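This is what each chain is made of:
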Amino acid sequence: MSAAVPKNQLLVQIASYNTALQGSTGLPQDLVDWLSPTLQVSSFLAHSPRGPDIVAVGFQELLPLHLGLSGASKSVIDKRSSHILSQIEANSPDKAKYSLLANIVNVGVALLVYARDEGVARQVRNVQTSWTGCGPGYMGNKGAVGVRFRVSDDDEHPGEAYTFVCAHLTAHQRKLQHRIADFHHIVGTLLFPPFPFSEDNSPTTIYSTSHLFFLGDLNFRIDLPKSHPMFEDPWAHVSESLREPETRENLKEFDQLLVERRKRSVFVGFREGEFWQFKCTYKHSLGVVDQYDAKRIPAWTDRILYTTYNDPVDNLETSRIQNLLYTYIPSYTISDHKPIVSLLLLPPAPVSISQHTRRIPTILLPEFYAPKPDPLATLKRYTGRTLDRIVGVCWWLFTLFGAGSAVVGIFNFFVGVAAYRWWTSRSSV
């Protein structure tokens, strides 16, 4: 039997996809497989069909890296934005209309956030965006982008703040500590200006919000101990274990992200749905619905995490946010990753907070964890962006000289230099 969702509780749909540097061709024209599962659940929840109130869509490896580094991402994300908006509205169970609140892209990491016109979109205030890089020299080949806004009935009351972060962290199984460092770098440098009603004018971290959502290719892997029976042939054993939910639940105990979250070394305060209910999202063979590439041990690299201001500090297994759906979409075969999607039902705002205070409620954190803005955040961000442009333009030129191949372009460049020096030496004789 369906159950009506209270009007004071928002439905938030979150989707993430690493499109493997495919640019404008990295997304099918028909997105119903990706969007439909969430919309079907939202229809099931209500006596009358209802689409999500907020939709956040994140991408990683948006386009070829040399184009992203040289600053060519905006045209790709603008095309995707209008395409995604049309698909959200086309598949909405009640034919609702949506508006783009914000989009932000840095190299290959992008985030687009939409809101339902009849409702949240009318209440959104103070939309902010931010970006940071955590690649070599703070470059943006890895990093994060964020969108923050305030939802309130009027300008007299602070309401609640919503923050969405899309990230792409360091790859490879052995680089766990790099991923942990990436996360803390993002916390310190992905900063937002303070909202009205704030008592402090200093920049704020991602945790200075009422509701926080973190999505993307986080690149955490399955790490089997040497004593484990699967260690001798991990690819074969892990691939076999993914077939059934029961064996996947056992396998989750070796998921690096889950292990580190339990240690509270990373993603402090965050919750996550039961990711082991679906198969690993990476690394898949291209053009095949359900086949893993033998070059990598399968892993749940693509994830969606969340927390809210009235979640208990000491119990990471429970959340006031209800995870209605968390799954992957196996039918997409143009990338070695599978897209993921989640539908979250937020708790109602207490009357004491929504109407009678002049302070935006923020996430409670344990005493040992007090994230602070990095005082060098601006310097690091723009150092990385400068390097992005230098490397990107040089790479693009080499690719141009090589008719699409940077390696050939470099070869042609040096051949050209050698030929020029030979010619000038002959001319001087």
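The structure displayed is predicted, hence computed values, not measured ones.

**Q** Please explain the overall build of the protein chain as it appears in this structure.
**A** For the protein chain, the helix and strand inventory stands at 11 helices and 12 strands. The burial tally for the protein chain puts 52% of its 429 residues in the buried class. Residue pairs in contact within the protein chain that sit at least 24 positions apart in sequence constitute 73% of those at least 6 positions apart. Of the roughly 19100 Å² of accessible surface on the protein chain, 57% is carried by carbon and sulfur atoms.

**Q** Honestly, empty space enclosed by the protein in this entry has me stumped. Any pointers?
**A** To find the voids left in a structure, one rolls a probe of water-molecule size over its atoms. Taken as a whole and assessed by the stated rule, the structure comprises one cavity of 30 Å³ or more. Considering only enclosed or pocket space, the largest cavity measures out at about 30 Å³ in volume. Lining the largest cavity, in full, are Gly 269, Arg 271, Thr 307, Thr 308, Asp 311, Pro 312, Ile 363 and Leu 364. Of the residues contributing to the lining of the largest cavity, the split by class is three nonpolar, three polar and two charged.

**Q** Quick question: what am I supposed to make of the sheet that holds strand β1 (residues 11–18) here?
**A** In sheet architecture, strand pairing relies on hydrogen bonds along the backbone and comes in two forms, parallel and antiparallel. Taken together, the six strands give an open sheet; going across it, the order is β3-β4-β2-β1-β12-β11, and neighbouring strands pair in mixed fashion. Two strands in the sheet have a free side with no partner beyond their single neighbour: β3 (98–106) and β11 (322–328). Mean inter-strand twist for the sheet, computed between neighbouring axes without regard to direction, equals 10 degrees. Note that β11 and strand β12 (residues 340–345) share six bridges and pair antiparallel. Its bridge partner lying in β12, Leu 325 is registered against Leu 343.

**Q** What is the right way to look at the pairing of β1 in this model?
**A** The side chains of a regular strand alternate, first on one face of the sheet and then on the other. Counting buried residues along β1, eight of its eight residues qualify, which places the element largely inside the surrounding structure. What you see with β1 is no split at all: Leu 11, Gln 13, Ala 15 and Tyr 17 on one side and Val 12, Ile 14, Ser 16 and Asn 18 on the other are buried throughout. Of the strand pairs in this sheet, β1 and strand β2 (residues 54–60) are connected by seven bridges, and their pairing is parallel. Across the sheet, Val 12 pairs through a bridge with Ile 54, a residue of β2.

**Q** Just to check I follow, could you spell out a nonpolar patch on the surface for this structure?
**A** Together, Leu 387, Ile 390, Val 391 and Trp 395 line one region of the surface with nonpolar side chains, adding up to about 310 Å² of accessible area. If you trace the backbone, Val 391 turns up in helix α10 (residues 377–401). For Val 391, a relative accessible area of 34% translates into the label partly exposed.

**Q** What exactly am I supposed to notice about the environment of Tyr 332 here?
**A** By the element assignment, Tyr 332 lies in the loop between β11 and β12. The class for Tyr 332 is buried, based on a relative accessible area of 4%. For Tyr 332 and Thr 19, which are 313 residues apart along the polypeptide, the C-alpha to C-alpha distance reads 9.9 Å.

**Q** Just checking my understanding: could you explain the environment of Leu 85 for this structure?
**A** Residue position: Leu 85 is located in helix α3 (residues 73–91). The residues contacting Leu 85, other than those within four sequence positions of it, are Tyr 98 and Tyr 114.

**Q** Looking at this model, I keep getting lost on a negative patch on the surface. Mind explaining?
**A** A cluster of like negative charges, contributed by Glu 244, Glu 246, Glu 249 and Glu 274, occupies part of the molecular surface. Within the element layout of this structure, Glu 246 appears in helix α7 (residues 245–251).

**Q** Would you explain unusual backbone geometry in this entry?
**A** Trans peptide bonds make up most of the peptide bonds, and negative phi angles are found at most residues other than glycine. The omega torsion of the bond from Tyr 282 to Lys 283 falls at 0 degrees, within 30 degrees of zero and hence cis. Topologically, Lys 283 is positioned in the loop between β9 (271–272) and β10 (302–308). In this model, Asn 219 sits at a positive phi of 65 degrees, which is unusual for a non-glycine residue. With respect to the helices, strands and loops of the structure, Asn 219 is situated in the loop between β8 (211–217) and α6 (234–241).

**Q** Got a minute to help me understand the packing of aromatic side chains in this structure?
**A** Two measures describe an aromatic ring pair: the distance that separates the ring centres and the angle between the ring planes. Within this structure, the stated rule accounts for 21 aromatic pairs. Here a set of aromatic residues connected by ring pairs shows up, and it is made of Phe 183, Tyr 207, Phe 214, Phe 267, Phe 270, Phe 368 and Tyr 369. The ring of Trp 276 has Lys 252 sitting right over it, with the charged end atom 4.7 Å from the ring centre. The ring of Trp 131 carries Arg 381 above its face, with NZ or CZ at 4.1 Å from the centroid.

**Q** Would you mind showing me how to read the pairing of strand β4 (residues 109–116) here?
**A** The element β4 is largely enclosed, with a buried count of eight among its eight residues. Burial along β4 is two-sided: the residues Val 109, Leu 111, Val 113 and Ala 115 and Ala 110, Leu 112, Tyr 114 and Arg 116 are all buried. With six bridges joining them, β2 and β4 adopt antiparallel strand pairing. Across the sheet, Ile 54 pairs through a bridge with Ala 115, a residue of β4. Examined bridge by bridge, β3 and β4 share eight bridges and lie antiparallel to one another. Bridge pairing links Asn 103 to Leu 112 in β4. Linkage of β3 to β4, two consecutive antiparallel strands, is achieved through a turn of two residues, within which Val 107 is found at a positive phi near 60 degrees.

**Q** Any chance you could explain the side chain of Asp 388 here in plain terms?
**A** Take Asp 388: it is sitting in helix α10. The buried charged residue Asp 388 lacks any salt bridge partner; its closest oppositely charged side chain belongs to Arg 389, at an N-O distance of 4.7 Å.

Procedures and definitions
Every chain begins its residue count from 1, and numbering advances along the sequence as written. Local features in this predicted model are restricted to residues of pLDDT 70 or higher, and side-chain atom pairs are both shown and tallied only at a pLDDT of 80 or more, whereas totals for entire chains, interfaces and linings draw on every residue. Heavy atoms from the whole structure form the basis of all side-chain values; hydrogens and water molecules are not counted. Starting at the N terminus, helices and strands are each numbered in turn, a helix being any DSSP run of H or I of at least four residues and a strand any DSSP run of E of at least two. Per-residue accessibility, obtained with a 1.4 Å probe over protein chains only, is compared with the maximum for each type, and a residue is labelled buried under 20%, exposed over 50%, and partly exposed between these values. Contacts: residue pairs with any heavy atoms within 4.5 Å of one another. Throughout, the Shrake-Rupley method with a 1.4 Å probe supplies accessible areas, and for residues the shown protein chains are the sole cover considered. Cavities and pockets are defined on a 1 Å grid built over the protein atoms alone: a cavity is a set of grid points where a 1.4 Å probe fits but cannot escape, while a pocket is an open set with protein on both sides within 12 Å along at least five of seven lines, and lining residues are those with an atom within 4 Å of any such point. Grid points are joined across faces, edges and corners, and a volume is the space filled by probe spheres set on the points. When residues are sorted by character, Ala, Val, Leu, Ile, Met, Phe, Trp, Tyr, Cys and Pro go into the nonpolar class, Asp, Glu, Lys and Arg into the charged class, and all the rest, Gly among them, into the polar class. At least two bridges found by DSSP between two strands is the condition for calling them paired. Think of each axis as a best-fit line through the C-alpha atoms, taken over the contacting stretch in the case of a helix, with angles from 0 to 180 degrees between the N-to-C directions. Two distance rules govern patches: like charges are joined within 9 Å, and nonpolar side chains (Val, Leu, Ile, Met, Phe, Trp, Tyr) within 5 Å, applied only to residues with over 30% relative accessible area and no salt bridge. Any carboxyl oxygen of Asp or Glu within 4 Å of a side-chain nitrogen of Lys or Arg constitutes a salt bridge here. By the counting scheme adopted, Arg and Lys are positive, Glu and Asp are negative, and His together with the chain ends is not counted. We put the charge of a Lys on NZ, of an Arg on CZ, of an Asp on CG and of a Glu on CD. Stacked, tilted and edge-to-face pairs are distinguished by plane angle, under 30 degrees for stacked and over 60 for edge-to-face with tilted covering the rest, among Phe, Tyr and Trp rings (Trp via its six-membered ring) whose centres lie within 6.5 Å. Lysine NZ or arginine CZ positioned within 6 Å of the ring centre and within 35 degrees of the ring normal marks a charge as sitting over the ring.

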